[in-house]
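What follows is each chain in one-letter form.
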Amino acid sequence: MVVSPAALESIRTLCVGLALSGLLASAYELFTARRASFSLLERGGVAAAAALPMLAFSAPFIILRNTVRGRRIEGRPIPFVMLATMIACGWSLLSGSLALRLAGLIAGV
């Protein structure tokens, strides 16, 4: 089986995006002793504006964590889990691409 360079680049971007989202969500939990969630936006004002960049990059992890918990606890249907996973992976591709571009700009590549 031959894997194209474009497919390898997409896999790398996906992995970077998922790793970054997990890192940010875990760091938030470490420093605040609370889980990162989209409910941070409900506060409004400056707190919501400050939480927005962190949530934009940690969203794939939050979506996947909530989906797995929902499947295990509430018994959500498999098609729902598949759709949520596809959304999280698409979001991860976008955030991973942005992170790699920013790293390239900083490194001067």
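Throughout this document, residue positions are counted from 1 along each chain, in the order its sequence is written. Thresholds applied to this predicted model are a pLDDT of at least 70 for local features of residues and 80 or more for the giving and counting of side-chain atom pairs; totals over whole chains, interfaces and linings are not thresholded and use all residues. Hydrogens and waters are ignored; side-chain quantities use all the structure's heavy atoms.

1. Focus: the UniProt feature "transmembrane region" (unreviewed entry) in the protein
UniProt positions are given in the numbering used here, feature names are shortened, and annotations may be inferred rather than shown by experiment. Mapped onto this structure's residue numbering, the UniProt feature "transmembrane region" (unreviewed entry) falls at residues 46–68 and 80–103. Helix and strand labels come from DSSP, where a helix needs a run of H or I of at least four residues and a strand needs a run of E of at least two; each type is numbered from the N terminus. Taken as a whole, residues 46–68 contains 100% helix and 0% strand, while its terminal C-alpha atoms sit 31 Å from one another. Across residues 80–103, the secondary structure splits into 100% helix and 0% strand, with the terminal C-alpha atoms separated by 34 Å.

2. Remarks on helix 2 (residues 45–74)
End to end, helix 2 covers just 33 Å across 30 residues, shorter than the expected 44 Å (1.5 Å per residue, more than 12% under). A bend of about 60° at serine 58 is the largest found in helix 2, and the proline proline 60 appears one to four places after it. Every buried residue of helix 2 is listed here: Ala48, Ala51, Met54, Leu55, Ser58, Ala59, Pro60, Ile62, Ile63, Arg65, Thr67 and Gly70. By definition in these notes, contact holds between two residues if any of their heavy atoms fall within 4.5 Å. Summarising the contacts, the buried residues of helix 2 are in contact with helix 1 (5–32) and helix 3 (78–107). To estimate how far a helix should extend, the number of its residues minus one is multiplied by 1.5 Å. To get the bend at any residue, fit one axis to the seven residues that end at it and another to the seven that begin at it, then take the angle between the two axes. For every residue, the accessible area (1.4 Å probe, protein chains only) is compared with the maximum for its type, and the residue is labelled buried under 20%, exposed over 50%, or partly exposed between those bounds.

3. Things to note about the nonpolar core
Counting residues in each nonpolar core, the largest one holds eight residues, listed as Ala25, Tyr28, Ala36, Leu40, Ala51, Met54, Leu55 and Ile62. Elements with a contribution of two residues or more to this core: helix 1 and helix 2. At four residues, the largest contribution of residues to this core is made by helix 2. Residues in contact with isoleucine 62, not counting those within four places in the same chain, are Ala36, Ser37, Phe38 and Leu55. Grouping buried Ala, Val, Leu, Ile, Met, Phe, Trp, Tyr and Cys residues that are joined through side-chain atoms within 4.5 Å yields what is termed a nonpolar core.

4. Here's the deal with a nonpolar patch on the surface
On the surface, Phe38, Leu41, Leu52, Leu83, Met86, Ile87 and Trp91 cluster together into a nonpolar patch covering about 660 Å² of accessible area. Topologically, phenylalanine 38 is positioned in the loop between helix 1 and helix 2. Given a relative accessible area of 35%, phenylalanine 38 falls into the partly exposed group. Patches in this entry comprise residues that are over 30% relatively accessible and not in a salt bridge; like charges within 9 Å are linked, as are nonpolar side chains (Val, Leu, Ile, Met, Phe, Trp, Tyr) within 5 Å. Calculation of accessible area relied on Shrake-Rupley with a 1.4 Å probe; when residues are assessed, cover is drawn exclusively from the protein chains displayed. In what follows, salt bridge is the name for a side-chain nitrogen of Lys or Arg lying within 4 Å of a carboxyl oxygen of Asp or Glu.

5. Here we look at the environment of glycine 22
Along the chain, the position of glycine 22 falls in helix 1. Sequence separation between glycine 22 and serine 58 is 36 residues; the distance between their C-alpha atoms is 6.4 Å.

6. Considerations on the pattern of salt bridges
A full pass over the atoms with the stated rule returns two salt bridges. One salt bridge in this structure joins arginine 12 and glutamate 9, with 2.8 Å as the shortest N-O distance. Separated by three residues within a single helix, arginine 12 and glutamate 9 lie in helix 1, roughly one turn from each other. For arginine 12, a relative accessible area of 44% puts it in the partly exposed group. Owing to a relative accessible area of 38%, glutamate 9 belongs among the partly exposed residues under this scheme. Note that glutamate 74 and arginine 76 form a salt bridge whose closest N and O atoms lie 3.0 Å from each other. Residue glutamate 74 is classed as exposed on the basis of its relative accessible area, which comes to 57%.

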